Amino acid sequence: MSDVTYAPIGATRTGELPPGYRYVRYRMLLGNGDELYRRAGDAIVTFAMHRALKPAKITTSAPRAESGVRLTIGLGPLKAPCEIVWADGDGFGYGTLPGHPAAGEEAFRVIRDAGGRVWFTVLAYSRPARPVMRAAGPLAVMFQQSYARLCGRALKRICTVKS
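Criteria and cut-off values
- Residues numbered from 1 in each chain as written.
- Predicted model: local features only at pLDDT ≥ 70, side-chain atom pairs only at ≥ 80, totals over all residues.
- Heavy atoms only, no water.
- Helix = DSSP H or I, 4+ residues; strand = E, 2+ residues; numbered from the N terminus.
- Buried < 20%, exposed > 50% of the residue type's maximum accessible area, 1.4 Å probe, protein only.
- Contact = heavy atoms within 4.5 Å.
- Areas by Shrake-Rupley, 256 points an atom, 1.4 Å probe, with all protein chains shown as cover.
- Lys, Arg positive; Asp, Glu negative; His and termini not counted.
- Charge placed at Lys NZ, Arg CZ, Asp CG, Glu CD.
- Polar contact = N/O pair within 3.5 Å; in protein donor to acceptor, adjacent residues only side chain to side chain.
- Core = buried A, V, L, I, M, F, W, Y, C linked by side-chain atoms within 4.5 Å.
- Pairing = 2+ DSSP bridges.

S.K.: Can you help me understand the overall build of the chain in this one?
M.R.: When you go through the chain residue by residue, the secondary structure sums to five helices and seven strands. Mapped from its N terminus to its C terminus, the chain presents α and β elements in the order α-β-α-α-β-β-β-β-β-β-α-α. Looking at the chain as a whole, 48% of its 163 residues are labelled buried. Sequence separation of at least 24 residues holds for 56% of the intrachain contacts in the chain that already meet a minimum separation of 6. Surface exposure of the chain reaches about 8,200 Å², of which carbon and sulfur atoms provide 58%. Distance between charge centres in the chain, computed from 23 positive and 12 negative side chains, equals 9 Å.

Rendered as structure tokens:
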């Protein structure tokens, strides 16, 4: 990895979250079926889910998620630069870069359970890296949880559009 602002790298992939961070865990049922699973994974790794979030804006250095791809998520004057630290066909995890208000990692993934249900999941660990995030205190975690819910709603809309 280049200059991510936290350690350890990749814990959102293993699920073994490090101590000393705040955590966000979110899960939303999307439905059932192979086609839904494929469509949802594709919407995540092509950034379609993130691009569907308004008024947030995302810029990426590549059209698909893979290790080393840089992205910036912006909301008005706030910019959050990140780098993808792991990716596969059903999701990815990105780590924060200098200038991001937090230090940590966040993963967006679609999974199937034993019953064939398709779930959207977000797993994150972070701590404040800039004064604005420190001042936000518990509101920062509430913002991250809201962001996860908005991502889930956007993904569900994308996946339920009939093609």
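On we go from here.
S.K.: Explain the environment of Gln144 here, please?
M.R.: Positionally, Gln144 belongs in helix H5 (residues 138-160). You can call Gln144 buried: its relative accessible area is 12%. The contacts of Gln144, once residues within four sequence positions are left out, are Val24, Ala124 and Ser126.

S.K.: What am I meant to see in the side chain of Arg109 here?
M.R.: Looking at the element boundaries, Arg109 is found in strand E6 (residues 102-112). Side-chain polar atoms of Arg109 contact the side chain of Asp88, separated by 2.3 Å. Polar contacts involving the side chain of Arg109 include one to the side chain of Asp90, which spans 3.3 Å. In this view, Arg109 contacts Arg13, Ile44, Trp86, Asp88, Asp90, Gly91, Trp119, Phe120 and Thr121; residues no more than four positions away in its chain are not counted.

S.K.: Explanation requested: the nonpolar core in the structure shown.
M.R.: It is characteristic of soluble globular proteins that their nonpolar side chains tend to be buried jointly. In this structure, Tyr94, Phe108, Phe120 and Leu155 are the most contacted members of the largest nonpolar core, which totals 34 residues. Looking at this core, the elements that each hand over two or more residues are strand E1 (22-32), helix H2 (34-45), strand E3 (70-75), strand E4 (78-88), strand E5 (91-96), E6, strand E7 (117-128) and H5. Once residues within four sequence positions are removed from consideration, Phe108 is found in contact with Ile44, Met49, His50, Asp90, Gly91, Phe92, Tyr94, Phe120, Thr121, Val122, Tyr147 and Cys151. If you look at the next biggest cluster of nonpolar residues, it comprises 12 residues, including Leu17, Val85, Trp86 and Ala107.

S.K.: Is there a simple way to explain the pairing of E4 in this structure?
M.R.: Within a regular strand, side chains alternate between the sheet's two faces. For E3 and E4, the ladder comprises six bridges, and the chain directions are antiparallel. Each bridged residue has a counterpart across the sheet, and for Leu71 the counterpart in E4 is Cys82. Between E3 and E4, which pair antiparallel and follow one another directly, the connecting turn spans two residues, one of which, Gly76, has a positive phi of 60°. Two elements, E4 and E5, share six bridges in a ladder whose sense is antiparallel. Across the sheet, the residue bridging to Asp88 is Gly91, located in E5. Here E4 folds back onto E5 in antiparallel fashion, the turn holding two residues.

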